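# Coordinates in review
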Amino acid sequence: MPVPVPDALHRPASLRDYAYEALRTAIVDGTLAPGEKLRDAELESWLGVSRTPIREAIARLETAGLVRTERARQTVVAPLDERTALNAQAIAAALHELAAREAVAQLTAGDIAAMKAANDRFRLALATNDVDAAIAADDDFHDVAVRASANQLLPALLEQVTPTLRRLERARFSSLAGRASVADHERIIGFCAAGQADQAGTAVRENWLTLGRMLAATANVTLNP
């Protein structure tokens, strides 16, 4: 297993969360490739934490479908599975639609401004083909409604499905320039600013279903059996 460089500057207070976030990021961005064996000793060396938070993090990653335990109890990075990702996408679209519908009545002028700023960052990232920045800005955009909805279950539920989507998105598309999300975001902002919860929810759902359309439009896509 290639051991990434430790990032001591971004450690959260919880070692369990730190291990989880570091492993999740490495799997989603492809640093840890599908089929890669995750060995406790190497992970301890990389993360600088004990076996207990690592095993707790791996349990969470397995629940999210990012790792799997095989025979002989070895843990490996899960293979890319487009069917699983598309199933996760359907769930994410429904959850974000719910967030938008619940959030619209609660959104402040500051929230609308935050959405516009995130979309501006998203537009710039697409123009410069910066996939990492584009995904971060896209997440920031949608997180505004998730926070404003005040539905405490949504963040944990979304955490179960979003990494799988982002992982496939990064692996299959070297560029996000083909996405119409900037215009989608502008429509969503307009509905939110006008207090139109139903329209905002529908627009958000459609925006989150773009991955399926991208895959369908890509030549030679073969779904895993």
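Throughout this description, residue numbers start from 1 for each chain and increase along the sequence as written. Side-chain atom pairs in this predicted model are given and counted only at pLDDT of 80 or more, local residue features only at pLDDT of at least 70, and totals for whole chains, interfaces and linings cover all residues. Side-chain calculation: all heavy atoms of the structure are included, whereas hydrogens and water are not.

As annotated in an unreviewed UniProt entry, the protein is GntR family transcriptional regulator from Cryobacterium glucosi.

### Quick notes on the packing of aromatic side chains
To pair, rings of Phe, Tyr and Trp, with the six-membered ring standing in for Trp, must have centres within 6.5 Å; the planes then decide the type, stacked if under 30 degrees apart, edge-to-face if over 60, and tilted in the middle. On inspection of all chains with the given rule, the structure shows zero aromatic pairs. Placement of a positive charge over a ring is assigned whenever Lys NZ or Arg CZ falls within 6 Å of the ring centre and within 35 degrees of the normal to the ring plane. Looking at Arg-60, its charged tip hangs above the ring of Tyr-20, at a distance of 3.7 Å from the centre.

### A closer look at helix 1 (residues 15-28)
Under the 1.5 Å per step criterion, the end-to-end length of helix 1 is 20 Å for 14 residues, consistent within 8% with the ideal 20 Å. To sort residues, take the accessible area from a 1.4 Å probe on protein chains only and compare it with the maximum for the residue type: under 20% means buried, over 50% means exposed, and anything in between is partly exposed. Every helix listed is a DSSP run of H or I at least four residues long, and every strand listed is a run of E at least two residues long, numbered separately from the N terminus. Within helix 1, the full set of buried residues consists of Tyr-18, Ala-19, Tyr-20, Ala-22, Leu-23, Ala-26, Ile-27 and Val-28. Between the side-chain oxygen of the N-cap and the backbone nitrogen of Arg-16 there are 3.3 Å, and the N-cap of helix 1 in question is Ser-14. Here a helix's expected span is defined as the number of its residues, less one, multiplied by 1.5 Å. The term polar contact refers here to a pair of N or O atoms within 3.5 Å; inside protein, the definition further demands a hydrogen-donor-capable atom paired with an acceptor-capable atom, and it admits residues adjacent in sequence only when both atoms are side-chain atoms.

### A look at the pattern of salt bridges
What makes a salt bridge here is a side-chain nitrogen of Lys or Arg within 4 Å of a carboxyl oxygen of Asp or Glu, nothing more. Taken as a whole and assessed by the stated rule, the structure comprises 14 salt bridges. With a shortest N-O distance of 2.7 Å, Arg-101 and Asp-198 are connected by a salt bridge. Residue Arg-101 is located in helix 4 (residues 82-103), and its partner Asp-198 is located in helix 9 (residues 197-208); the two are separated by 97 residues in the primary sequence. Note on Arg-101: relative accessible area 31%, which makes it partly exposed. Ionic pairing is found between Glu-186 and Arg-123, a salt bridge with its closest N-O pair at 2.7 Å. Taken as a pair, Glu-186 in helix 8 (residues 181-193) and Arg-123 in helix 5 (residues 109-127) lie far apart in primary sequence, 63 residues in all. Each of Glu-97, Arg-101, Asp-198, Arg-205 and Glu-206 takes part in a single network of salt bridges with overlapping partners.

### Quick look at the layout of surface pockets
For the largest pocket, the calculated volume is near 600 Å³. Every definition here rests on a 1 Å grid over the protein atoms only: cavities are sets of points where a 1.4 Å probe fits but cannot get out, pockets are open sets enclosed by protein on both sides within 12 Å along at least five of seven lines, and lining residues have some atom within 4 Å of a point. What lines the largest pocket is a set of 22 residues, among which Arg-24, Asp-139, Glu-159, Thr-162 and Arg-166 lie closest to the centre. Elements supplying a minimum of two residues to the lining of the largest pocket: helix 1, helix 6 (131-149) and helix 7 (154-172). Residue classes follow a fixed rule: Ala, Val, Leu, Ile, Met, Phe, Trp, Tyr, Cys and Pro count as nonpolar, while Asp, Glu, Lys and Arg count as charged, and any other residue, Gly among them, counts as polar. Considering only residue class, the lining of the largest pocket consists of eight nonpolar, four polar and ten charged. Grid points are joined across faces, edges and corners, and a volume is the space filled by probe spheres set on the points.

### Quick word on empty space enclosed by the protein
Once rolled over the atoms, a probe with the size of a water molecule shows which space is left empty. Tallying each qualifying case throughout the model produces two cavities of 30 Å³ or more. Lining the second largest cavity are His-96, Ala-100, Met-115, Phe-141, His-142, Ala-145, Ile-188, Cys-192 and Val-204. For the lining of the second largest cavity, the element with the most residues is helix 6, which contributes three residues. Along the lines of polarity and charge, the residues of the lining of the second largest cavity split into seven nonpolar, two polar and no charged.

### Here we look at the environment of Lys-37
Tracing the backbone through its elements, the reader meets Lys-37 in strand 1 (residues 37-38). By relative accessible area, which is 38% here, Lys-37 ends up partly exposed.

### What to know about the sheet that holds strand 2 (residues 67-69)
Strand pairing in a sheet relies on backbone hydrogen bonds. The paired strands run either parallel or antiparallel. Pairs of strands are assigned from DSSP output, requiring at least two bridges between the strands. Taken in spatial order, the three strands make up an open sheet running 1-3-2, and their pairing is antiparallel. The open sheet terminates on both sides in strands that have one partner only, identified here as strand 1 and strand 2. Strand direction decides the pairing type here: strand 1 and strand 3 (residues 75-77), joined by two bridges, are antiparallel. Within strand 3, the position partnered with Lys-37 by the bridge is Val-76.

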